[in-house]
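# Report on the structure
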Amino acid sequence: MSSVQSPHSELVGALYRDHRSWLLAWLRRNVACPQRAEDLSQDTFVRLLGRDQLNEPREPRAFLVAIAKGLLFDYFRRAALEQAYLTELMLIPEGEQPSVEEQQMILEDLKNIDRLLGKLSSKARAAFLYNRLDGLGHAEIAQRLGVSVPRVRQYLAQGIRQCYIALYGEPV
C-alpha cells in the first residue's frame, strides 16, 4: 500500500483537522448521548472517505452538517424502528415470544429492510408500505399521496426493485 495520499484523502484530512471539533460540538447540542455524537462525527468523515469523488466544498461546515443530519436522521429512524419492534414484542404472550437470538435476527432484518427502503423517495417508500403492510390498492394510495395511479405503479415497481436487489443483487 502506498504512503502517498490521494487528493481525496488529503481533502478529507483537512476537513477533519479544521472542522471536526466544531462538528462534534454541533452534534453534542443535537444528540443527548456524547458517545453517539462522537460516533456520528466519525461516521460523517468515514462517509466522505467512501465517496468516489469529492470536491472542496465552498461552505465546509454546512456541507459536514448536511451529511451529519442525514446520519442523524438514519439513527433516529432506526431507533424508532427498534422501539416500535420492542413495543410490539411486549404485546406477545411471554410463552410465545421468539428467543433472544431470534429477536436479534428479526431486528437486524428490520434494519436491513429499513436501509433498503431508505433508498426510495418518501412517496415511493410510503406507497410501498401502504400496499405491502396495509394492503391498500393503487387508487387509495394515489389519493393518500396526491399522485396519479400510474405514479403509484412506478413507486411500487421501485420498491419491488429494491427488494430484488436485496435478494439477488443488481440486475445485469
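Keep in mind that what you see is a predicted model, and the values were worked out from it rather than measured.

Reading guide: rules and limits
- Residues numbered from 1 in each chain as written.
- Predicted model: local features only at pLDDT ≥ 70, side-chain atom pairs only at ≥ 80, totals over all residues.
- Heavy atoms only, no water.
- Helix = DSSP H or I, 4+ residues; strand = E, 2+ residues; numbered from the N terminus.
- Rg over C-alpha atoms; globule rule 2.2 N^0.38 Å.
- Buried < 20%, exposed > 50% of the residue type's maximum accessible area, 1.4 Å probe, protein only.
- Contact = heavy atoms within 4.5 Å.
- Areas by Shrake-Rupley, 256 points an atom, 1.4 Å probe, with all protein chains shown as cover.
- Lys, Arg positive; Asp, Glu negative; His and termini not counted.
- Charge placed at Lys NZ, Arg CZ, Asp CG, Glu CD.
- Core = buried A, V, L, I, M, F, W, Y, C linked by side-chain atoms within 4.5 Å.
- UniProt positions renumbered as here; feature names shortened; annotations may be inferred.
- Patch = residues over 30% accessible without salt bridge, like charges linked within 9 Å, V, L, I, M, F, W, Y side chains within 5 Å.
- Salt bridge = Lys/Arg side-chain N within 4 Å of Asp/Glu carboxyl O.
- Arc of directions from axis to C-beta.
- pLDDT = per-residue confidence, 0-100.

### Focus on the overall build of the protein chain
Looking only at helices and strands, the protein chain has seven helices and zero strands in total. Each helix and strand of the protein chain, ordered N terminal to C terminal, gives the series α-α-α-α-α-α-α. Against the globule reference of 16 Å for 172 residues, the protein chain gives a C-alpha radius of gyration of 20 Å, more extended than a compact globule. Here the C-alpha coordinates of the protein chain stretch approximately 55 × 45 × 35 Å along the principal axes. Across the 172 residues that make up the protein chain, the buried fraction comes to 31%. In the protein chain, 51% of the contacts between residues at least 6 apart in sequence involve partners at least 24 apart. A total accessible area of about 11,700 Å² is found for the protein chain, and carbon and sulfur atoms account for 53% of it. Both charge centroids of the protein chain, one from 22 positive and one from 21 negative side chains, sit 9 Å from each other.

### Side note on the nonpolar core
In terms of nonpolar packing, the biggest core is built from 20 residues, with Leu23, Leu27, Phe45 and Leu48 touching the most fellow members. For Leu23, the residues in contact, after removing those within four places along its chain, are Ser41, Thr44, Phe45, Leu64, Val65 and Ala68. Within the second largest apolar cluster, 13 residues are counted, among which are Ala142, Leu145, Val152 and Leu156.

### Considerations on the UniProt feature "domain: RNA polymerase sigma-70 region" (unreviewed entry) in the protein chain
As annotated in UniProt, the feature "domain: RNA polymerase sigma-70 region" (unreviewed entry) corresponds to residues 15-80 in the numbering used here. Its end C-alpha atoms 31 Å apart, residues 15-80 is made of 80% helix and 0% strand.

### Digging into a nonpolar patch on the surface
A cluster of nonpolar side chains, Tyr164, Leu167 and Tyr168, forms an exposed patch at the surface whose accessible area comes to about 390 Å². Position of Tyr164 relative to the elements: it lies in helix α7 (residues 149-168).

### Remarks on the UniProt feature "domain: RNA polymerase sigma factor 70 region 4 type" (unreviewed entry) in the protein chain
Here, UniProt's "domain: RNA polymerase sigma factor 70 region 4 type" (unreviewed entry) annotation points to residues 111-163. As annotated, residues 111-163 has a helix share of 77% and a strand share of 0%, and its two end C-alpha atoms lie 14 Å apart.

### Section: helix α6 (residues 138-145)
At 3.6 residues per turn, the α-helix brings residues three or four places apart onto the same side. Three or more residues of α6 are buried, namely Ile141, Ala142 and Leu145. The buried side chains of α6 occupy one side of the element, clustering within an arc of 100° when seen end-on. Looking at α6, the residues exposed on the side facing more than 90 degrees away from the buried face are Ala139 and Gln143. Buried residues belonging to α6 abut α5 (122-132) and α7. Gly146 occupies a position one or two residues after α6 and carries a positive phi of about 70°.

### Section: the environment of Val46
Tracing the chain through its elements places Val46 in helix α2 (residues 34-49). Taking relative accessible area as the criterion, Val46 reaches 52% and is therefore assigned exposed. Sequence separation between Val46 and Gly95 is 49 residues; the distance between their C-alpha atoms is 43 Å.

### So, the confidence of the model for the protein chain
Looking at the protein chain, pLDDT values average 88 and 97% of them are 70 or higher. Element-level mean pLDDT values for the protein chain span from 85 in helix α4 (residues 100-117) up to 96 in α6.

### A word on the pattern of salt bridges
Taken as a whole, this structure holds seven salt bridges when the rule is applied. A salt bridge links Glu82 to Lys111, with the shortest nitrogen-to-oxygen separation between them at 3.6 Å. You can see Glu82 sitting in helix α3 (residues 60-90) and its partner Lys111 sitting in helix α4, a full 29 residues away along the chain. Arg161 is the partner of Glu170 in a salt bridge, and the nearest nitrogen-oxygen pair spans 3.3 Å. According to the relative accessible area criterion, Glu170 is exposed, its value standing at 51%. Looking at Arg161, the relative accessible area reads 40%, which means it is partly exposed.

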